[in-house]
Structure formats: structure tokens, C-alpha cells
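Take a look at the letters that make up each chain.
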Protein chains: 2
Amino acid sequence: MDVQKIVLIGAGNVGWHLGHALYDAGQEVVQVFSRKAENAAHLAKAIGSQPCHQLQQINANADLYICAVHDQAIPSVAEVLAAQIGSSKLVVHTSGATPSEALAEHFPRYGVFYPLQSFSKEKAVDFTKVPMCIFAKAEEDQAKLLQLAHRISQQVAVVNDEQRAGLHVAAVFVNNFVNQLFQIGYEICQDQQLPFEMLLPLMQETLDKVRENEPAKMQTGPAQRGDQATMERHLKRIEGRADWIKIYTLLSEIIAKQKEK
Amino acid sequence: MDVQKIVLIGAGNVGWHLGHALYDAGQEVVQVFSRKAENAAHLAKAIGSQPCHQLQQINANADLYICAVHDQAIPSVAEVLAAQIGSSKLVVHTSGATPSEALAEHFPRYGVFYPLQSFSKEKAVDFTKVPMCIFAKAEEDQAKLLQLAHRISQQVAVVNDEQRAGLHVAAVFVNNFVNQLFQIGYEICQDQQLPFEMLLPLMQETLDKVRENEPAKMQTGPAQRGDQATMERHLKRIEGRADWIKIYTLLSEIIAKQKEK
């Protein structure tokens, strides 16, 4: 039988967007929990649900419990939740970095419902484009989660713990580290009194080029060409910025090595 | 008086897209030069122009000569061109990395017409979104170049040599180096037998978040949170990939420092 009633535990960035996605898909979220009564009330109101700010008052009659809490809070939430709803329910977490077994001690029917995206409450997201990484211990539960995931997203995959941990590392490279390189571009523009907007079309093109091609095949620039003169001129230009020089040197070396492969 | 007749020297990636942009804007390109007759003919045909593959046959009656050749070829092209058209013409190059003075020896009316984008012939580009960086030695010529640039692009700026050199370094960080981080994400997905497409929405969101915000303010992730446990788990997961560990360590350090600012 399909998942009918869902309890959403956590009203942070992930809970907020997931709650809205479920609501938009016509899926009933019977209760929203947040330790902060105000946050629970705010999200519950937005998605036609009931707020709750004490785990001891969690509705024990739902089909699925989604723990969208901080990674570190998962074990303690699981423990209190088990005392309240028993151990027979399907319980999932939404964490990229946490093994699914984090829930196994209390819930034999554990699983993962991980949206691979960086969420902020202030910024709307088209959830249908968010890849959903699904896993459940029991095959039957996995089928339920898949069906639910397909209702809110166009990109759904069964992803085991090993794979999800890999994706989480990859996300650090393509999100956190890329963002830091963007910051360097931003600061160079500031130094030159030019608007950062001038770099945005190039940044977008860099991304668009790898939509259908292996990034290494799209590489250009002085390191790729082995153009030492340009690289030396660039390094001279950023002298005094030791960190930028380290990044420039390291990534240029790695691009040159990549080329040899 | 406006620029009427243009000669385009070079039919590579930049020449190809610039030629099309000028043509689309209704601007007359009277001649297209490429050392390779075939390339000159191909582009000339596409934009209703005349091909030419010998610099000695360059039309001497144009208002503007755009040198869209490789950086290293600029001095030699300028020399032969001067012998053919004299020294009174407005001549610009399209290079991000080359000082405008590279043309000064032969042409007192020198300038720069630099589109800040990474072009490939195979990939269409909306040139109206390409930032045009303009400079000319003479104010009058600069006004002409600005007017012309505004006909093909919505984003036009006067950019001096110092600023353009800064942009060129910034482009390496936000394009070449970002692309190498994308490659690491790609390889992690391959290792995990997952489609790289799963990372694309996150990559797009990373970019979209900095369209209106300083990147440092949008930073998230373990380095930003000072989450040592997650970082150690990540490093363990990529052990055996020495280069990835170097990047992970360096960029995490720099993100942590950035946070303190």
C-alpha cells in the first residue's frame, strides 16, 4: 500500500522545501515537528499540516516518518521517536552524510530519502529537478519510497550508503569548493573595480559545457595548453595573495596531469 | 562617424562567433581573413562576406580591423597588416591576455574588443549576453567601439589593460579551475556508478546563488561549519587520490580562513 500519511520531523532548510514539495504534489503531511514551536507552526501553516514541538506528541499513526534534522541530532531523535511510535514504522532520514544504519537500532524498517541539493529557506527551488536518492532496508519499503519520490521529483535513483557518501564528497568539490573559486573571481573583480556580473556568463557557459560532455574534454586555458608564459604572468599578477597562488599552482598542475591521461 | 566596414582577421572560435554576432546585428563585415582558405571561405559564406587567406590581399578601405588571432600571432599579423593597410586605421585585438600596446608599434589608433567568454565553434552562444570589454587609445575611437559593442551585446564596459589582465586571471579560477573540480565530481560519480547528471542541479544552484550575493556569504559545507568529523570522513573516502586530498585540504583551509574575515 502506498504511503498516505507522512510526519515530517524538522522544519529547517530541507524540511521546509521537502514539506512544500510533498504538499505541492498533493501528499498529506499530517504533522510537522520542530523543537522551535514557531518554526513548526510556520511550516505547518504553509502546507496545511499540524504543528508539533514535542517529540512526545508525535502522531503515532502515520505511514512514514521523515527525519529532516541535523546529522548529529538523528540518533537522539530516533531514540525519543521510537519510544513514542514504536519500532514497526517506516522511518527515513534525509542526510547525505549519515549511514542509513543510524536509524537501524530503533527501526528495523529504516531508509533514506535524500534530496541532493543545497537548500536555503529564502530561495525557491524547483523540487521536480532535485535528484532524490532513495534507499530502504526492506524492498517493499523501498518501492513505497520510490513511488513517493517520483511524485515530487523527475530524477529519482536508488542509492546505497557507499554511493551516497561518494555523492556527498563530490558535492563538496562541485559546490563548496567551486563557490570558493567564485569568491576569488569576485575579489579580483572588486580589486579591479569591475562588476562580478561580468564573469557570470563565463561561469554559466562552463557549467553548460559539461551537461553533455566529460569536463576534462572541455578544458581550456593556459594549464591545458602548457602555456608557461601566461601562467607566470598570472602568478605575478596575484603575488601577495599566497592562498590564490597555492590554488593556482596546484590546480594548474592537476590540469596538466589530467591532460596526459 | 560610425564604424561601417569591418575586416575580420581570424576565423577561429572567437572570429567565428564575433563574425556571426556582427552579421546578426546587421553590421557589414567586408572581408574575413584566415590563413586557412577553407576556414575563411566557410565563415565568409556564413556571414555574407568575402574570404581572404593572404594578408597581402586585405581590403585597405575598411573602418575597423578586428584581429581575432592567437595571442602569439598578434605582433606578426600586425606587422604584415601595417604594410598592407598603412598606419592610419583603427585596429583592435580580441585578446584577454594581451596588452593593447601590442598593436601600438604599427597602429597609433589601437584598441581592444574583447568578448569575455569561452567559445567553441560547435556550441551556439547568445552573444547579446557576452560581456564586451572595450578600450581604445583615442577617445573618438573608443566611442566608435562602444557603439559597435552595444549593437552586439547588452553588457559593454570600458576596461583598461590592468583590469582586463585581472579578468583574465579571474576567468582561469571561475572557468578552468572550476571545470577541473567538475571533473573530480564526474570521476566520483563514475567510481560510484552513478550518472554525473545527479550533480548538475547542485552545480546550477551554486551558480544561481552567487548571481546576487557575494559567494563567501553563500558558503555552506563542512569546512564552513568547522565540522572536522565530516572532513576526516571525506578525506578517508578519497584516500589513494593524492591530488584530490591536496585540493580538499587546501580549499577547506581557505574556506575556514575566509569565514574569519
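All of these numbers come straight from a predicted model, not from anything done at the bench.

Trainee: With reference to specific residues and values, describe the overall build of chain A.
Mentor: The secondary structure content of chain A amounts to ten helices and eight strands. Each principal axis of the C-alpha atoms in chain A carries an extent, and together these give about 70 × 40 × 30 Å. Buried positions account for 58% of the 261 residues belonging to chain A. Summarising the internal contacts of chain A: among those between residues at least 6 apart in sequence, 56% fall at separations of at least 24.

Trainee: Tell me what's going on with the pairing of strand β4 (residues 64–67) of chain B, and back it up with residues and numbers.
Mentor: All names here are of chain B. Where burial is concerned, the two faces of β4 agree: the one with Leu-64 and Ile-66 and the one with Tyr-65 and Cys-67 are both buried. By the bridge criterion, four bridges tie β4 to strand β5 (residues 90–93) in an arrangement that is parallel. Considered in β5, the bridge of Leu-64 is made with Leu-90.

Trainee: Give me the lowdown on the pairing of β5(B), citing residues and values where you can.
Mentor: Residue and element names in this part refer to chain B. Side-chain alternation along β5 places Leu-90 and Val-92 on one buried face and Val-91 and His-93 on a second face that is also buried. Considered for its hand, the β-α-β crossover made up of β4, helix α3 (residues 74–85) and β5 is right-handed. In terms of strand pairing, β5 meets strand β6 (residues 110–115) through three bridges, oriented parallel. If you follow Val-92 over to β6, its bridge partner there is Gly-111.

Trainee: Can you tell me about the environment of Asp24(A), naming the residues and giving the values?
Mentor: Within the fold, Asp24(A) resides in helix α1 (residues 13–24). With a relative accessible area of 62%, Asp24(A) lands in the exposed category.

Trainee: An account of the environment of Glu205(B) is requested, with residue identities and associated values reported.
Mentor: Inspection of the secondary structure assignment puts Glu205(B) in helix α6 (residues 200–209). According to the relative accessible area criterion, Glu205(B) is buried, its value standing at 8%.

Trainee: Any details on the packing of helix α6 (residues 200–209) of chain A against α6(B)? Residues and values, ideally.
Mentor: One can describe the packing of α6(A) onto α6(B) by two numbers: an axis separation of 11 Å at closest approach and a directional angle of 175 degrees. What the angle tells us is that α6(A) and α6(B) run roughly antiparallel. Taken together, the residues of α6(B) that come into contact with α6(A) (itself represented by Leu200(A), Met203(A), Gln204(A) and Leu207(A)) are Leu200(B), Met203(B), Gln204(B) and Leu207(B). Its residues assigned to classes, the contact of α6(A) with α6(B) shows six nonpolar, two polar and no charged.

Trainee: A description of the side chain of Arg164(B) should follow, citing residues and the corresponding values.
Mentor: Structurally, Arg164(B) can be placed in helix α5 (residues 161–191). Setting aside residues no more than four positions away along its own chain, Arg164(B) makes contact with His93(B), Ser95(B), Gly96(B), Thr98(B), Pro99(B), Ser100(B), Val112(B), Tyr114(B) and Val159(B).

Trainee: Hey, could you go over the interface of chain A and chain B for me, with residue numbers and the actual values?
Mentor: How big an interface is tends to be reported as the loss of accessible area on association of its parts. Contacts between chain A and chain B engage 87 residues on the former and 87 residues on the latter. The residue Lys257(A) makes a salt bridge to Asp243(B) at a minimum N-O spacing of 3.0 Å. Among the secondary structure elements, those contributing two or more residues to the side of chain A that touches chain B are α5 (161–191), α6, α7 (215–218), α9 (228–237) and α10 (242–260) of chain A. Per element, the largest residue contribution to the side of chain A that touches chain B is 27 residues, and it comes from α5(A). Of the residues that constitute the side of chain A that touches chain B, the class distribution is 46 nonpolar, 24 polar and 17 charged.

Trainee: Describe the confidence of the model for chain A, listing the residues and the values that go with them.
Mentor: In the predicted model, chain A carries a mean pLDDT of 96, and 100% of its residues have values of at least 70. Across the interface, the model reports ipTM at 0.95; the global pTM reads 0.95.

Trainee: With reference to specific residues and values, describe the pattern of salt bridges.
Mentor: All names here are of chain B. On inspection of all chains with the given rule, the structure shows 22 salt bridges over all chains. Note that Lys-129 and Asp-126 form a salt bridge whose closest N and O atoms lie 3.6 Å from each other. Take Lys-129: its relative accessible area is 45%, and that puts it in the partly exposed class. Judged by its relative accessible area of 43%, Asp-126 is partly exposed.

Conventions adopted
- Residues numbered from 1 in each chain as written.
- Chains lettered and ligands numbered in written order.
- Predicted model: local features only at pLDDT ≥ 70, side-chain atom pairs only at ≥ 80, totals over all residues.
- Heavy atoms only, no water.
- Helix = DSSP H or I, 4+ residues; strand = E, 2+ residues; numbered from the N terminus.
- Buried < 20%, exposed > 50% of the residue type's maximum accessible area, 1.4 Å probe, protein only.
- Contact = heavy atoms within 4.5 Å.
- Pairing = 2+ DSSP bridges.
- Right-handed = clockwise from strand over helix to strand, strands pointing away.
- Axes fitted to C-alpha atoms, helices over the stretch in contact; angles between N-to-C directions.
- Parallel < 35°, antiparallel > 145°, perpendicular 65-115°, else oblique.
- Nonpolar A, V, L, I, M, F, W, Y, C, P; charged D, E, K, R; others polar.
- Salt bridge = Lys/Arg side-chain N within 4 Å of Asp/Glu carboxyl O.
- pLDDT = per-residue confidence, 0-100.

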